[in-house]
Amino acid sequence: MAKIILVDDDVELAKNTAGLLCKNGHEVTTLFTTTDAVRKITAAGPDIVILDVMFPDNPVAGFDLARQIRDVKALKGLPVILLTGINQEFPMDFSAKDADPEWMPVQDFIEKPVKMPALLGKIDRLLKKS
């Protein structure tokens, strides 16, 4: 079982994803905004963060939050998965191969709509690495 924080402004998707993750034995805290997320993540001490990219107030808020997470010493090794529909909105073809320590400091990437077996596999793989 992992302690997971899911950050996504799509309330229905976040609740459904959290529910499925809980049914698979994980403990999930859901945040619907990036406001104060670093403090909340630091306080919660999760094993992994699942993070949307696009938020209503900032279409790259997830990228910004991933970089803020990496700037916190206590969170440097925290695995982050981007869960996003950015490729549906913008023809940029983002994928896990685009992850880098400066611009997109995440460990993996998964497209919306989420396929739960794929997400669970990524979570398991990252938890085994950390």
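Just so we're clear, the structure is a prediction, and the values are computed from it rather than from any experiment. (Residues numbered from 1 in each chain as written. Predicted model: local features only at pLDDT ≥ 70, side-chain atom pairs only at ≥ 80, totals over all residues. Heavy atoms only, no water.)

Turning our attention to the sheet that holds strand 2 (residues 27-31). With parallel pairing, the 5 strands of this open sheet are ordered in space as 2-1-3-4-5. Each end of this open sheet is capped by a strand with a single partner; those strands are strand 2 and strand 5 (108-111). Recorded for the sheet is a direction-independent mean angle of 20 degrees between the axes of neighbouring strands. Where strand 4 (residues 80-84) meets strand 5, 4 bridges bridge the pair, whose relative direction is parallel. The residue of strand 5 that forms the bridge with Leu83 is Ile110. Lying over the sheet, helix 2 (residues 37-44) contacts strand 1 (3-7), strand 2 and strand 3 (48-51), oriented at roughly 170 degrees with respect to strand 1. Docked against the sheet, helix 5 (residues 116-129) engages strand 1, strand 3, strand 4 and strand 5, running at close to 175 degrees with respect to strand 5. (Pairing = 2+ DSSP bridges. Helix = DSSP H or I, 4+ residues; strand = E, 2+ residues; numbered from the N terminus. Axes fitted to C-alpha atoms, helices over the stretch in contact; angles between N-to-C directions. Contact = heavy atoms within 4.5 Å.)

Taken across its 5 residues, strand 1 has 4 buried, putting it largely inside the fold. In this structure, strand 1 lies alongside strand 2, joined through 5 bridges in parallel fashion. The partner of Val7 across the bridge, within strand 2, is Leu31. With helix 1 (residues 11-23) bridging strand 1 and its parallel neighbour strand 2, the resulting β-α-β unit is right-handed. The pairing of strand 1 with strand 3 spans 4 bridges and is classified as parallel. The residue bridging Leu6 from the neighbouring strand is Ile50, located in strand 3. (Buried < 20%, exposed > 50% of the residue type's maximum accessible area, 1.4 Å probe, protein only. Right-handed = clockwise from strand over helix to strand, strands pointing away.)

Read these as geometric descriptors, not functional statements.
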